[in-house]
Amino acid sequence: MSKIKPAVLAVVALVAITLPLYATPYMLQIATTTACFAMLGLAFGLGMRVGLPRLDIAAWWGVGGYATAVLMEHGVSFWLTIPAGGLISVIISFLVFSLALPRGMVAFFVFSMVIAMAFSQVFGSLSFLGGWGGITGVPSPTIFSFAFDTQNRIYYLGLLFVVVTIAVYLAFYHSRIGRAWDAITSSPRLAGSVGVDVVRYRMVNILVGSFFIAAAGSFYVIHYHAAIPSVFSFTAGVNTIAYLFIGGFTHSLAGPILGAFIVTFIPEYLQFAQTLRPIIIAAVVIFILMFLPAGLLGVWDNKIKPRLAARPPERRE
Amino acid sequence: MALLEIENLSMNFGKLQALSGLDLTVSEGEILGLIGPNGAGKTTFFNLVTGTYRGSGGRIVFKGEDITHLATHKIAQRGIARSFQQTFLFAHATVLANVMMGCHIASAVGPVKELLHTKAAREMDTRARKTALEIIDFMGLTDLKDEPAGTLPHGHQRSLGVAIALACRPTLLLLDEPVTGMNPTESAEMVARIHQIREKGMTIVLVEHAMDVVMGVSDRIVVISLGSKIAEGRPEEIKTDPQVIEAYLGRRGTLDVA
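Overview of the structure. (Residues numbered from 1 in each chain as written. Chains lettered and ligands numbered in written order. Predicted model: local features only at pLDDT ≥ 70, side-chain atom pairs only at ≥ 80, totals over all residues. Heavy atoms only, no water.)

### Things to note about the overall build of chain B
- For chain B, the count of helices and strands is 10 helices and 10 strands.
- Principal axes of the C-alpha set define a box for chain B whose edges measure 60 × 40 × 35 Å.
- Going through the 258 residues of chain B one by one, you find that 51% of them count as buried.
- For chain B, restricting intrachain contacts to residue pairs at least 6 apart in sequence, the fraction spanning at least 24 positions comes to 65%.
- A total accessible area of about 11,200 Å² is found for chain B, and carbon and sulfur atoms account for 52% of it.
- In chain B, 26 side chains carry a positive charge and 29 a negative one; their mean positions are 7 Å apart. (Helix = DSSP H or I, 4+ residues; strand = E, 2+ residues; numbered from the N terminus. Buried < 20%, exposed > 50% of the residue type's maximum accessible area, 1.4 Å probe, protein only. Contact = heavy atoms within 4.5 Å. Areas by Shrake-Rupley, 256 points an atom, 1.4 Å probe, with all protein chains shown as cover. Lys, Arg positive; Asp, Glu negative; His and termini not counted. Charge placed at Lys NZ, Arg CZ, Asp CG, Glu CD.)

Shown next as structure tokens:
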């Protein structure tokens, strides 16, 4: 494993960086969209690190998206709209989950579901957010005179968003905070009895996730130059569950990314089946849960890795 | 001096009165055995003291501070640690990671430093690791330190439960059936360790069904039955107390097999 993992990561990084050299513009556009969805999936995986399957993802995704669309309409720089959308999401998340977290799992499910459903209604109903038609004509972001106005540049920006997200999540996972999160997932009662403030650590996890979900929304809006309510629907958030379980739920970073890639790319190439897309995704999830309960990366963990490890010359000792 | 004072503590689950007006004092440095027939309220008592349950009445005072309404993690931070009757462990993590988790309170350096992995955070990690290894060695688990906790034999899992509690560096250690399911050798080792833990300055309250262990290890014994205290005294006094014998005889036969 020690040699294989960096090799796989290097190949993935190489493909990701060189993609614009051989990808069609269409493929590149979908790859950029995948970056957004991967960020949503990563946030779902983050929540699962404290045993919380979030259903509220669409809400913050939309808040980030609309914050960017509205503020850029008023001439605010894209780079400032990211923290603005993030901050609004963090504040509302804090208010909502201050009520929900101390009340147990049922309250968490209900609150997180209701908030996502409510927001997708709100986005469409408010006239200053463009109603159900949304806000279109969102400009490309710029740094000084450099504009992110080509497909390639936007793609690399998306890649950067994903990399920054992973870096921040990794810092959490490998810190004392991350260990407390793991303890909470494993046994909330034991975690409490060794002094972990379960509600507070879960709250920190939720707020970090909300911020990066909003950032994904901001990016999505400059990618498509539009904020449209139907994009920020409840379903978009629920799809992240599929990402994690298709990819492999024990891998909170690689799992959602692989899952987002598969769920976004494969239906795009089944053009005839565009309307069947939700059904195809559902079928894939059911198939995976039945035959590969640990997801695609579970196949790697359970089938391939032990075989490689068992080969005599590479045996660990 | 009284470390823990329980005044008139009550707890009902619906109509069931699990504890009714329990008064109890734990002195600093003692080993107190808490016994009683099944359903007497022993584990309920632990759950109340550690804030897992909220009592229906009464007061819990620890080091002079009223902790009756504090949350579990705050009670842990004030110096009360426990082991569980059911084996609660971080099953997928290694023995070492489990015990290091017990060091959670003591190893804080602030979130920013922890996230940036500054020198202070890394030094704290090293220190927590060292403490954890010492505790693992003390509990006789050194050979198993890299094994996932869930794969350990039952006796070792119970030792690990105590190790995690010890890593919290408590003033008061609550042990819920620490030798249950252990063979005689393991059990004798645990008794020796309980004495050593006390010598390190900790106060211990012990709930245990194995009478020979409780009688052997405790300085003082409190007997509860049906949620109330029915007797209190040194082990030899308790053994011959007619009320105690009756409480046990009425339910389980004799004291020896209880």
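Anyway, onward from the coordinates.
### Quick look at the side chain of Thr34(A)
Residues and elements named next belong to chain A.
- As for its position among the elements, threonine 34 is in helix H2 (residues 25-48).
- For threonine 34, a relative accessible area of 6% gives the class buried.
- In this structure, threonine 34 is in contact with Ala260, Phe261, Thr264 and Phe265, ignoring residues within four places of it in sequence.

### Re the sheet that holds strand S8 (residues 203-207) of chain B
All names here are of chain B.
- Spatially, the 6 strands line up as an open sheet ordered S6-S7-S8-S3-S9-S10, and their pairing is mixed. The open sheet is flanked by strand S6 (80-82) and strand S10 (228-233), the only strands paired with a single partner. If you compare each strand with its neighbour and ignore which way they point, the axes differ by 20° on average.
- Pairing analysis gives 3 bridges linking S6 to strand S7 (residues 172-176), with the strands arranged parallel. Within S7, the position partnered with alanine 81 by the bridge is leucine 173.
- Most of the contacts of helix H6 (residues 154-167) go to S7, to which it runs at about 160°, and overall it touches S6 and S7.
- Those strands touched by helix H7 (residues 184-199) are strand S3 (31-35), S7 and S8, and its axis lies near 150° from that of S8. (Pairing = 2+ DSSP bridges. Axes fitted to C-alpha atoms, helices over the stretch in contact; angles between N-to-C directions.)

### Some words on the interface of chain B and chain A
- With 26 residues of chain B in contact, the opposing surface of chain A contributes 21 residues.
- Buried area between chain B and chain A, summed over both chains or domains, comes out near 2,100 Å², and the portion from carbon and sulfur atoms is 64%.
- Taken together, the links from chain B to chain A amount to 2 salt bridges.
- Between Arg179(A) and Asp125(B) there is a salt bridge, and its shortest N-O distance comes to 2.8 Å. (Buried area = accessible area lost by both parts, 1.4 Å probe. Salt bridge = Lys/Arg side-chain N within 4 Å of Asp/Glu carboxyl O.)

### Considerations on the nonpolar core
- By size, the foremost hydrophobic cluster in this structure holds 122 residues, and its most contacted members are Trp61(A), Tyr169(A), Met139(B), Leu160(B) and Leu166(B).
- Looking at this core, the element that brings in the most residues is helix H9 (residues 198-224) of chain A, giving 14 residues.
- With residues up to four places along the chain from it excluded, the contact list for Leu166(B) reads Ile135(B), Phe138(B), Met139(B), Leu173(B), Ile197(B) and Met202(B).
- Leu19(B), Phe45(B), Ile80(B) and Ile224(B) belong to the second-largest nonpolar core, a separate cluster that totals 29 residues. (Core = buried A, V, L, I, M, F, W, Y, C linked by side-chain atoms within 4.5 Å.)

### Quick word on the sheet that holds strand S5 (residues 65-66) of chain B
All names here are of chain B.
- Across the sheet, which stays open at both edges, the 4 strands sit in the order S2-S1-S4-S5 with antiparallel pairing between neighbours. Here the strands that pair on one side only, and so sit at the sheet edges, are strand S2 (16-27) and S5.
- Across the sheet, helix H1 (residues 42-49) touches strand S1 (2-13), S2 and strand S4 (57-62), and the angle it forms with S1 is around 115°.

### Looking at the packing of H2(A) against helix H11 (residues 254-268) of chain A
Residues and elements named next belong to chain A.
- With their axes 8 Å apart at the nearest point, H2 and H11 run at an angle of 140° to one another. Considering the angle they form, H2 stands oblique to H11. The hand of the H2/H11 crossing is right-handed. Facing Tyr26, Met27, Ile30, Ala31, Thr33, Thr34, Phe37, Ala38, Gly41 and Leu42 of H2, the residues of H11 in contact are Pro256, Ile257, Ala260, Phe261, Thr264, Phe265 and Glu268.
- A class-by-class count of the residues in the contact of H2 with H11 yields 12 nonpolar, 4 polar and 1 charged. (Parallel < 35°, antiparallel > 145°, perpendicular 65-115°, else oblique. Left-handed = near helix turned anticlockwise from the far one by under 90°. Nonpolar A, V, L, I, M, F, W, Y, C, P; charged D, E, K, R; others polar.)

### Details of unusual backbone geometry
Residues and elements named next belong to chain B.
- A positive phi angle is found at asparagine 8, which is not glycine, with a value near 55°.
- Along the chain, the position of asparagine 8 falls in strand S1.
- Its relative accessible area of 46% is what places asparagine 8 among the partly exposed residues.
- Positioned with a positive phi, arginine 169 is a non-glycine residue whose angle comes to about 50°.

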